[in-house]
Amino acid sequence: MKRMRTAVTALALTGALAVGAVAATTVQKITADLRPDMTVQVDGEARTMLDQKGNIVYPISYNGTTYLPVRALGEILGQNVAWDSATQTVILTEKTWETVEQYATIGAVEKAMTAAEQDIASLKAAGTYTERAKQYAAQMVKLESVRSSLEALVEKNQEDFRSGAIDYRDFNAMQDRTGAVDVRLKDAQAALEKKTIADDSGRLTAYQESDSALKTLESRTAELEKAVKSLSPASDYAGRVKQYQELSEKLSAHSRDVAARAEIINEDLRQQRLSYDDYNTLSARTGNLDVRLKDAQAALEKKTIADDSDRRTAYEQSAAALKDLERRMSALKTEIAELKAAGDYAGRIKQYFAMDEKLSALAKDVSARYGVINDDLRQGRLTYSEYNALSQRAGDVDVSLKDARASLEQKIFQGEEEQPDPKPDEGNKTVYDRYAAKISDLDGRADKLWKDVEGYKPANNGHSNKQQHKAIFNKIDALDDETDDLEDAIEHSYKKGELSKSQYRALENSLDKVDDKLEDMEDYLEHRLGIDD
């Protein structure tokens, strides 16, 4: 039962939607009309739009276009709305209600609906608007549990009918029951809204809201000032840059929050929600915060990046990093040269993987350094001669890595003596024998299924034909899945050293024959039934 968004057709929200300051990067002030006379309807119902604090917000008109508050609209349409101040981006994602329980049957849904209706009927509205908004949110979790379960049941009912699992009478009976619950849902939500958020008494005034917000901003500003004052600069420039970036990001984000609050205060004055005296008081506080944050930023710069006496150039940084990579490469080459291959195959496999892990880690770091060097060239931090020298050193390490890997493989695998088959313990089979028996069983079942396929006679009824086709193809798919699982298990045993190379290859060849047989079987059946891939 997908909810239709018929009244608001200009916005389609699927998955995740992000709206950022991409097309235009310059903030422009405009004069627009606030339209409390306009109504927003969703699914035929008039909806009240609320901001993050529960205040009613209205559409605005500008140059013949109506604009709706994105947070309020997103909440109505079941979206999570977030603001990324760092990128100036509004982000909308599909809302997941907290602790939403799912009901598997229509009886369970009806029972849950009745319980929700009783809760709403017995609900006593709180004395403050904030608490009433919390009551609304808590009850909506229960209603959304019913709604999401109901939608799932409607989809299942339609799918069961399309597949022939139920007849038309059962389909209609379920439709009637789900439709009745849907009507009850809408009535319950309307009753809940009327009891809670429709009553906006006790809501904070514009002055009280900004006063409260500024107290929070002032407290956060004091925390940041303290963090800057107590900061002990790192001993090296790279460390101080990191300190600067981390704290500067927090200061910048906080500055944007202060600027946003200043804009709200300005808008409240324009809309006559503030007197001039109230406006001047609040505006002075935002101005003071702005000055304090700028001073904190300057103090941070002085403590960290202003001191660049030990700053290394991009070339020096990469040269030092490459020196460490070369040292690690030399140590690994020595380790491989001194490696004594284990006497048993399983032991050699463990040696190989242990050393291969170290080589792979070094290869990853070399690749990352290549990226840094290339970026430094693009950004003009390296000359071409410096770039060529560094790139050559990174390339030499890369070549050494390939040589080291080849030496490792030669030492571990060349002249490999096959692991002798262990003698079976009394009453048990070897790993190889167990796998061989499973493959033999799969092969026998595949032969039996071949006979069923060759003797397959579809029914005359079209619907029954589809069911029969699906059943026999499911048998082939099930056997194919078992083959894949067994192949994975054999490979895992080989890597653990439980199988020798010759045993592994023999089992793989036998399993491939079964797999080919299943593919031929499926191709034969599709050709016979005239089914295209």
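The rules we used
- Residues numbered from 1 in each chain as written.
- Predicted model: local features only at pLDDT ≥ 70, side-chain atom pairs only at ≥ 80, totals over all residues.
- Heavy atoms only, no water.
- Helix = DSSP H or I, 4+ residues; strand = E, 2+ residues; numbered from the N terminus.
- Buried < 20%, exposed > 50% of the residue type's maximum accessible area, 1.4 Å probe, protein only.
- Contact = heavy atoms within 4.5 Å.
- Salt bridge = Lys/Arg side-chain N within 4 Å of Asp/Glu carboxyl O.
- Pairing = 2+ DSSP bridges.
- Patch = residues over 30% accessible without salt bridge, like charges linked within 9 Å, V, L, I, M, F, W, Y side chains within 5 Å.
- Areas by Shrake-Rupley, 256 points an atom, 1.4 Å probe, with all protein chains shown as cover.
- Lys, Arg positive; Asp, Glu negative; His and termini not counted.
- Charge placed at Lys NZ, Arg CZ, Asp CG, Glu CD.
- Phe/Tyr/Trp six-rings, centres within 6.5 Å; stacked < 30°, edge-to-face > 60°.
- Expected span 1.5 Å × (residues − 1).
- Arc of directions from axis to C-beta.
- Core = buried A, V, L, I, M, F, W, Y, C linked by side-chain atoms within 4.5 Å.
- pLDDT = per-residue confidence, 0-100.
- Axes fitted to C-alpha atoms, helices over the stretch in contact; angles between N-to-C directions.
- Parallel < 35°, antiparallel > 145°, perpendicular 65-115°, else oblique.
- Left-handed = near helix turned anticlockwise from the far one by under 90°.
- Nonpolar A, V, L, I, M, F, W, Y, C, P; charged D, E, K, R; others polar.

### Here's the deal with the overall build of the protein
Here is step 1 of the chain: Of regular secondary structure, the protein possesses 13 helices and eight strands.
Here is step 2 of the chain: Per-residue burial for the protein yields a buried fraction of 32% across its 533 residues.
Here is step 3 of the chain: Within the protein, contacts between residues separated by at least 24 positions form 73% of all contacts whose residues are at least 6 apart in sequence.

### Concerning the pattern of salt bridges
Here is step 1 of the chain: Counted by the stated rule, this structure contains 31 salt bridges.
Here is step 2 of the chain: Residue K186 pairs with D182 through a salt bridge whose shortest N-O separation is 3.8 Å. One end of the pair, K186, and the other, D182, are both in helix α4 (residues 168-195), four residues apart, so they sit about a helical turn from each other.
Here is step 3 of the chain: The exposure class assigned to K186 is partly exposed, which follows from its relative accessible area of 31%.
Here is step 4 of the chain: E482 is the partner of R445 in a salt bridge, and the nearest nitrogen-oxygen pair spans 2.6 Å. One end of the pair, R445, is in helix α11 (residues 431-454); the other, E482, is in helix α12 (residues 462-495), and 37 residues separate them in sequence.
Here is step 5 of the chain: Exposure remark for R445: the relative accessible area of 33% places this residue in the partly exposed category.
Here is step 6 of the chain: We classify E482 as partly exposed; its relative accessible area is 35%.
Here is step 7 of the chain: Ionic contacts of the salt-bridge type, sharing partners, join the residues D211, K215, E218 and R285 into one network.

### Things to note about the sheet that holds strand β2 (residues 33-34)
Here is step 1 of the chain: The sheet built from three strands is open, its strands ordered β2-β5-β6 with antiparallel pairing. Edge strands, defined here as strands with exactly one partner in the open sheet, are β2 and β6 (65-67).
Here is step 2 of the chain: Looking at chain direction, strand β5 (residues 60-62) and β6 are connected through three bridges and run antiparallel. Looking at the pairing, S61 lines up with T66 of β6.

### Topic: a negative patch on the surface
Here is step 1 of the chain: A contiguous patch of negative charge, built from D477, D481, D484, D485 and D488, is present on the exposed surface.
Here is step 2 of the chain: Within the secondary structure, D488 sits in helix α12.

### Side note on the packing of aromatic side chains
For any pair of aromatic rings, the description rests on two quantities: the centre-to-centre distance and the angle between the ring planes.
Here is step 1 of the chain: Inspection of every chain in the model, using the stated rule, returns four aromatic pairs.
Here is step 2 of the chain: With a centroid separation of 5.8 Å and 50° between ring planes, the pair formed by F161 and Y168 is classed as tilted.
Here is step 3 of the chain: For Y168, a relative accessible area of 54% gives the class exposed.
Here is step 4 of the chain: Taken together, the ring pairs in this structure connect F161, Y168 and F171 into an aromatic cluster.

### A short note on unusual backbone geometry
Here is step 1 of the chain: The backbone of Q272 sits at a positive phi, close to 60°, despite the residue not being glycine.
Here is step 2 of the chain: Position of Q272 among the secondary structure elements: in the loop between α6 (237-270) and α7 (276-303).
Here is step 3 of the chain: You can call Q272 exposed: its relative accessible area is 73%.

### Some thoughts on helix α2 (residues 106-122)
Here is step 1 of the chain: With 17 residues, α2 should cover 24 Å at 1.5 Å per step; its first-to-last C-alpha distance of 24 Å lies within 8% of that length.
Here is step 2 of the chain: Those residues of α2 that fall on the buried side of the exposure criterion are I106, V109, A112, M113, A116 and I120. Relative to the axis of α2, the buried residues are bounded by an arc of 120° and lie together on one face. For α2, the exposed residues set more than 90 degrees away from the buried face come down to K111, Q118, A121 and S122.
Here is step 3 of the chain: Here the buried face of α2 lies against α3 (129-163) and α4.

### Some points on the nonpolar core
Here is step 1 of the chain: One finds I439, I476, L486, I490, L518, M521 and L525 to be the most contacted residues of the largest nonpolar core, which totals 25 residues.
Here is step 2 of the chain: Those elements giving two or more residues to this core turn out to be α9 (345-378), α11, α12 and α13 (501-529).
Here is step 3 of the chain: Ignoring anything within four residues of it in the chain, the contact list for M521 reads A446, L449, W450, V453 and I476.
Here is step 4 of the chain: The next biggest cluster of nonpolar side chains, apart from the first, holds 24 residues, and it includes A319, L322, L382 and A404.

### Thoughts on the confidence of the model for the protein
Here is step 1 of the chain: In the predicted model, the protein carries a mean pLDDT of 81, and the fraction of residues at 70 or more is 84%.
Here is step 2 of the chain: Element-level pLDDT for the protein is lowest in strand β1 (residues 16-20), with a mean of 48, against a maximum mean of 94 in α2.
Here is step 3 of the chain: Low confidence marks residues 1-16, where pLDDT is under 50. Its contacts with residues over four positions away, or in another chain, come to 35 contacts.
Here is step 4 of the chain: Every residue in residues 21-26 scores below 50 in pLDDT, and together they form two contacts with partners more than four places removed in sequence or on other chains.

### Remarks on the packing of helix α8 (residues 314-337) against α9
Axes are the key here: two packed helices are described by the angle between their axes and the distance separating the axes.
Here is step 1 of the chain: One way to put it is that α8 packs onto α9 with a least axis distance of 11 Å and a crossing angle of 160°. Judged by the angle between their axes, α8 and α9 are roughly antiparallel. The hand of the α8/α9 crossing is left-handed. Note on element contacts: α9 touches α8 through M355, K358, L359, A361, L362, D365, V366, R369, V372, I373 and D376, opposite A314, S318, A321, L322, L325, R328, M329, L332, E335 and I336.
Here is step 2 of the chain: Here the residues of the contact of α8 with α9 sort into 14 nonpolar, one polar and six charged.

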